Amino acid sequence: GRLLEQLFDRGVVVVATSNRHPDDLYTDGINRQLFLPFIEELKQRLDVIHIDAEKDYRLERLSAAPVYITPLGPEADTAMDEAFKRLTVGAKTEAVDLEVQGRTLHAGRTAHGVARFSFAELCTRPLGAADFLAIARNFHTVLIENVPQLSSEKRNEAARFVTLIDALYESKTKLVMSAAAEPDDLYPAGDGAFEFERTASRLHEMRSDDYLAAERVDVAEAD
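Here's what I pulled together on the structure shown here.

Rules and cut-offs
- Residues numbered from 1 in each chain as written.
- Predicted model: local features only at pLDDT ≥ 70, side-chain atom pairs only at ≥ 80, totals over all residues.
- Heavy atoms only, no water.
- Helix = DSSP H or I, 4+ residues; strand = E, 2+ residues; numbered from the N terminus.
- Buried < 20%, exposed > 50% of the residue type's maximum accessible area, 1.4 Å probe, protein only.
- Contact = heavy atoms within 4.5 Å.
- Areas by Shrake-Rupley, 256 points an atom, 1.4 Å probe, with all protein chains shown as cover.
- Lys, Arg positive; Asp, Glu negative; His and termini not counted.
- Charge placed at Lys NZ, Arg CZ, Asp CG, Glu CD.
- Expected span 1.5 Å × (residues − 1).
- Pairing = 2+ DSSP bridges.
- Phe/Tyr/Trp six-rings, centres within 6.5 Å; stacked < 30°, edge-to-face > 60°.
- Lys NZ or Arg CZ within 6 Å of the ring centre and 35° of its normal.
- Axes fitted to C-alpha atoms, helices over the stretch in contact; angles between N-to-C directions.
- 1 Å grid on protein atoms, 1.4 Å probe; cavity = no way out; pocket = protein on both sides within 12 Å on 5 of 7 lines; lining within 4 Å.
- Points joined across faces, edges and corners; volume = space filled by probe spheres on them.
- Nonpolar A, V, L, I, M, F, W, Y, C, P; charged D, E, K, R; others polar.
- Core = buried A, V, L, I, M, F, W, Y, C linked by side-chain atoms within 4.5 Å.
- Arc of directions from axis to C-beta.

## Some details on the overall build of the protein chain
Line of reasoning, step 1. Helix and strand content of the protein chain: 9 helices and 6 strands.
Line of reasoning, step 2. On the principal axes, the C-alpha backbone points of the protein chain span a range of 65 × 35 × 30 Å.
Line of reasoning, step 3. In the protein chain, which comprises 223 residues, the share counted as buried stands at 38%.
Line of reasoning, step 4. Sequence separation of 24 or more characterises 74% of the internal contacts of the protein chain that already satisfy a separation of 6 or more.
Line of reasoning, step 5. Accessible surface for the protein chain amounts to roughly 13300 Å². Of this, 49% is attributable to carbon and sulfur atoms.
Line of reasoning, step 6. The average position of the 26 basic charges and that of the 39 acidic charges among the side chains of the protein chain differ by 4 Å.

## Description of helix α7 (residues 155-170)
Line of reasoning, step 1. For α7, built from 16 residues, the straight-helix expectation of 22 Å at 1.5 Å per residue is met to within 8% by its first-to-last C-alpha distance of 22 Å.
Line of reasoning, step 2. Turning to α7, its buried residues are Glu 157, Ala 158, Phe 161, Val 162, Leu 164, Ile 165, Asp 166, Ala 167, Leu 168 and Tyr 169.
Line of reasoning, step 3. Where α7 is buried, its residues contact α5 (119-123), α6 (129-138), β5 (141-147), β6 (174-179), α8 (193-205) and α9 (209-213).
Line of reasoning, step 4. Phi turns positive, to about 60°, at Lys 172, one or two residues after α7.

## Quick look at the pairing of strand β2 (residues 94-100)
Line of reasoning, step 1. In terms of strand pairing, β2 meets strand β3 (residues 103-111) through 6 bridges, oriented antiparallel. Considered in β3, the bridge of Asp 97 is made with His 106.
Line of reasoning, step 2. The hairpin formed by β2 and β3 contains 2 residues between the paired strands, and Gln 101 there has a positive phi angle of roughly 50°.

## Let's talk about the packing of aromatic side chains
Line of reasoning, step 1. Inspection of the entire model under this criterion finds 6 aromatic pairs.
Line of reasoning, step 2. Look at Tyr 26 and Phe 35: their rings are 5.7 Å apart centre to centre, the planes differ by 70°, and that puts the pair in the edge-to-face class.
Line of reasoning, step 3. Measuring from centroid to centroid gives 5.5 Å for Phe 35 and Phe 38, while their planes differ by 50°, and the two rings are tilted.
Line of reasoning, step 4. Feature note: the residues Phe 119, Phe 161, Tyr 187 and Phe 196 constitute an aromatic cluster, connected by ring pairs.
Line of reasoning, step 5. Looking at Lys 172, its charged tip hangs above the ring of Tyr 169, at a distance of 4.5 Å from the centre.

## Observations concerning the pairing of β3
Line of reasoning, step 1. Sheet analysis places β3 next to strand β4 (residues 114-118), joined by 3 bridges and oriented antiparallel. By the bridge assignment for β4, Thr 110 is matched with Ala 115.
Line of reasoning, step 2. The hairpin turn running from β3 into β4, its antiparallel successor, is 2 residues long, and His 112 in that turn takes a positive phi close to 55°.

## Considerations on the sheet that holds β5
Line of reasoning, step 1. Ordered in space as β1-β6-β5-β4-β3-β2, the 6 strands form an open sheet in which the pairing is mixed. The strands lining the two open edges of the sheet, one partner per strand, are β1 (68-69) and β2.
Line of reasoning, step 2. Here helix α4 (residues 74-87) sits on the sheet in contact with β1, β3, β4, β5 and β6, set at roughly 170° to β5.
Line of reasoning, step 3. Along the sheet, α7 makes contact with β5 and β6, crossing β5 at roughly 155°.

## Re empty space enclosed by the protein
Line of reasoning, step 1. Inspection of every chain in the model, using the stated rule, returns 1 cavity of 30 Å³ or more.
Line of reasoning, step 2. By volume, the largest cavity amounts to about 40 Å³.
Line of reasoning, step 3. Here the residues of the lining of the largest cavity sort into 6 nonpolar, no polar and 1 charged.

## Considerations on the nonpolar core
Line of reasoning, step 1. Formed by 42 residues in total, the largest nonpolar core has its most connected members in Leu 122, Ile 135, Ile 144, Phe 161, Met 177 and Leu 186.
Line of reasoning, step 2. For this core, the leading source of residues is α7, giving 8 residues.
Line of reasoning, step 3. For Leu 186, the residues in contact, after removing those within four places along its chain, are Tyr 68, Val 147, Pro 148, Gln 149, Leu 150, Phe 161, Met 177, Ala 179, Ala 181, Phe 196 and Leu 203.

## Considerations on helix α2 (residues 36-45)
Note that an α-helix has 3.6 residues per turn; residues three or four places apart therefore point the same way.
Line of reasoning, step 1. Three or more residues of α2 are buried, namely Phe 38, Ile 39 and Leu 42. One face of α2 carries all of its buried residues, which in axial projection span an arc of 105°. Exposed side chains of α2 directed beyond 90 degrees from the buried face belong to Pro 37 and Gln 44.
Line of reasoning, step 2. Buried residues along α2 sit against α1 (2-9).

The quantities given are spatial measurements derived from coordinates; they are silent on function.
Okay, structure coming up:
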């Protein structure tokens with residue numbers, strides 16, 4: 001608010017985009033009543049134009065090819081490379097470090113709000129809900145490659161994978177994944193296989209048009 005007031009006072013021409021109408025800015029914010037006079041000034045000073053785009057380009061890039069790729073192999077690797085290039089519009093990748101409860105979570109391949117990880121990077125290390133929620137908050141789309149078929153010997157990895165998918169699903173983060181098998185066959189037997197059925201169901205839903213078109217949801221930070 002103070003920034004724009006100073007720009008207005010100096011006669012600066014302001015052009016801004018937002019995913020919210022001015023009346024909906026800072027909804028439920030602390031002491032929002034103190035912000036309301038600025039909202040009125042914003043509407044008086046600027047022309048508010050609603051643009052209802054006919055085409056959702058992000059959804060178009062997501063739905064251009066399968067988002068769940070199986071089985072694993074060279075063709076799946078190529079498909080993941082192409083998906084990452086398409087979703088990031090060919091932008092140069094960069095490494096990002098996320099601070100999670102006093103420690104650092106390294107995301108080595110990111111661009112344009114998209115992050116790419118291997119299954120091993122996320123599920124064979126001692127990561128938990130806080131880490132996965134941090135990923136969901138910082139990236140609108142996540143690619144996870146080389147998800148193996150799980151067994152009782154990999155129960156810990158399976159448990160982390162369940163937590164990871166829950167975090168992405170609850171936030172409506174978009175998922176592109178390469179896996180050794182279809183969701184229902186990823187963890188057919190072993191400790192937690194019954195509970196994994198919910199994860200399989202979510203993986204099916206996360207490849208649907210309705211899910212891909214769903215708006216993102218802000219997720220709270222884990223304790």
